[in-house]
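# Chains, contacts and geometry: an overview
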Amino acid sequence: MRSELKEFIKSNIDLIDTETYDEFWHRVYVDATEVFNDYFDVCSVVEFLIDCGANPLANIPNVPPGFLCGSQRSEFIIPEWIKRIEYNAFASMPNLTSMRFPASVEYIMLDAFESCRNLTYLEFCNPKIKLQISSFMGCHNIQHIIYHGTKEEWASYQGEIPFYDCKVKCTDGELLL
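Note that the coordinates shown come from a computational prediction; the quantities given were computed from them, not determined experimentally.

### Some details on unusual backbone geometry
Apart from glycine, the bulk of residues carry a negative phi angle, and the bulk of peptide bonds sit in the trans form. A positive phi angle, close to 60°, is found at N88, a residue other than glycine. In this fold, N88 is placed in the loop between β2 (84–85) and β3 (98–101). Its relative accessible area of 16% is what places N88 among the buried residues. Even without being a glycine, S115 presents a positive backbone phi close to 60°. When you line up the elements, S115 lands in the loop between β4 (107–108) and β5 (121–124).

### Description of the nonpolar core
I85, F90, F101, I108, F113, F124 and F136 are the most contacted members of the largest nonpolar core, which has 35 residues in total. Listing elements by their share of this core, those giving two or more residues are α4 (39–51), β3, β5 and β7 (144–147). In terms of residues, this core owes the most to one element, α4, which gives three residues. If near-sequence neighbours (up to four positions away) are discounted, I85 is found in contact with V63, I78, F90, F101, V105, Y107, I108, M109, A112 and F113.

### Side note on the pairing of β5
Here four bridges tie β3 to β5, and the two strands are oriented parallel to one another. Note that in β5 the partner of F101 across the bridge is F124. With four bridges joining them, β5 and β7 adopt parallel strand pairing. Residue E123 lies in a different strand from β7, and its bridge partner there is I146.

### Points about the pattern of salt bridges
Once the charged atoms of two side chains with opposite charge are near each other, the side chains can pair. Under the defined criterion, the tally for this structure stands at three salt bridges. R100 serves as the salt-bridge partner of E80, at 3.5 Å between the closest nitrogen and oxygen. One end of the pair, E80, is in the loop between β1 (62–63) and β2; the other, R100, is in strand β3, with 20 residues separating them in the sequence. On the basis of relative accessibility, which here comes to 38%, the residue R100 falls in the partly exposed class. Salt-bridge contacts for R84 lead to E86; the nearest nitrogen and oxygen are separated by 2.9 Å. On the basis of relative accessibility, which here comes to 27%, the residue R84 falls in the partly exposed class.

### Things to note about the packing of aromatic side chains
The geometry of an aromatic ring pair is captured by the separation of the ring centres together with the interplanar angle, meaning the angle of the planes. Enumeration over the complete set of coordinates arrives at nine aromatic pairs. Centre to centre, the rings of F67 and F90 are 6.0 Å apart; their planes meet at 70°, and the pair counts as edge-to-face. Taken as a pair, F67 in the loop between β1 and β2 and F90 in the loop between β2 and β3 lie far apart in primary sequence, 23 residues in all. What makes F67 buried here is its relative accessible area of 0%. Residue F90 is classed as buried on the basis of its relative accessible area, which comes to 0%. Considering the side-chain rings of F76 and F90, the 5.7 Å spacing of their centres and the 45° angle between planes classify their relative orientation as tilted. Pair noted here: F76 is in the loop between β1 and β2 and F90 is in the loop between β2 and β3, with a separation of 14 residues, a long-range link. The class of F76 is buried, set by a relative accessible area of 15%. By way of ring pairs, the aromatic residues F67, F76, F90, F101, F113, F124 and F136 are connected into one cluster.

### With respect to the side chain of S135
Mapping S135 onto the fold places it in the loop between β6 (130–131) and β7. Overall, S135 belongs to the buried group, its relative accessible area being 0%. Every residue in contact with S135, bar those within four places of it in the chain, is listed here: I108, M109, D111, A112, F113, E114 and P162.

How each quantity is defined
- Residues numbered from 1 in each chain as written.
- Predicted model: local features only at pLDDT ≥ 70, side-chain atom pairs only at ≥ 80, totals over all residues.
- Heavy atoms only, no water.
- Helix = DSSP H or I, 4+ residues; strand = E, 2+ residues; numbered from the N terminus.
- Buried < 20%, exposed > 50% of the residue type's maximum accessible area, 1.4 Å probe, protein only.
- Core = buried A, V, L, I, M, F, W, Y, C linked by side-chain atoms within 4.5 Å.
- Contact = heavy atoms within 4.5 Å.
- Pairing = 2+ DSSP bridges.
- Salt bridge = Lys/Arg side-chain N within 4 Å of Asp/Glu carboxyl O.
- Phe/Tyr/Trp six-rings, centres within 6.5 Å; stacked < 30°, edge-to-face > 60°.

Written as structure tokens, this is what we have:
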């Protein structure tokens, strides 16, 4: 990330209001090729905001694409107001081991957690959550899934293949791989 952008954010972090924050993420979505080189630069901005004490998701309903893609962080708590986790939001996070999705999360998009090789535990609090194809592709070490729904609801995901290359068995309220 450009040093002048880091310095600007650091010196103005307390001035960011909802409208400005929305504009910032709009620029990340729409103008990513002009503002950032790739997802890893988006991750650098997000990590910088977190390290400055800011909540990068404070004023938005969705986790943006590339949000922490490639981050070395071992954990991240998804806030209760988040509705959607966009593509590649948490992809390629080698140290991520568990993730809890609050009841507010309605969608997890393509490749959102792709190649999180050490991800072993998942909890889905919304039984109506929609998982897209390859949401968890390459997460071969998932061992424990808690699903707050029925076997029948879970069975609807089998055609979607969100857990590419994983064998999933369901008991009420809990899935065992």
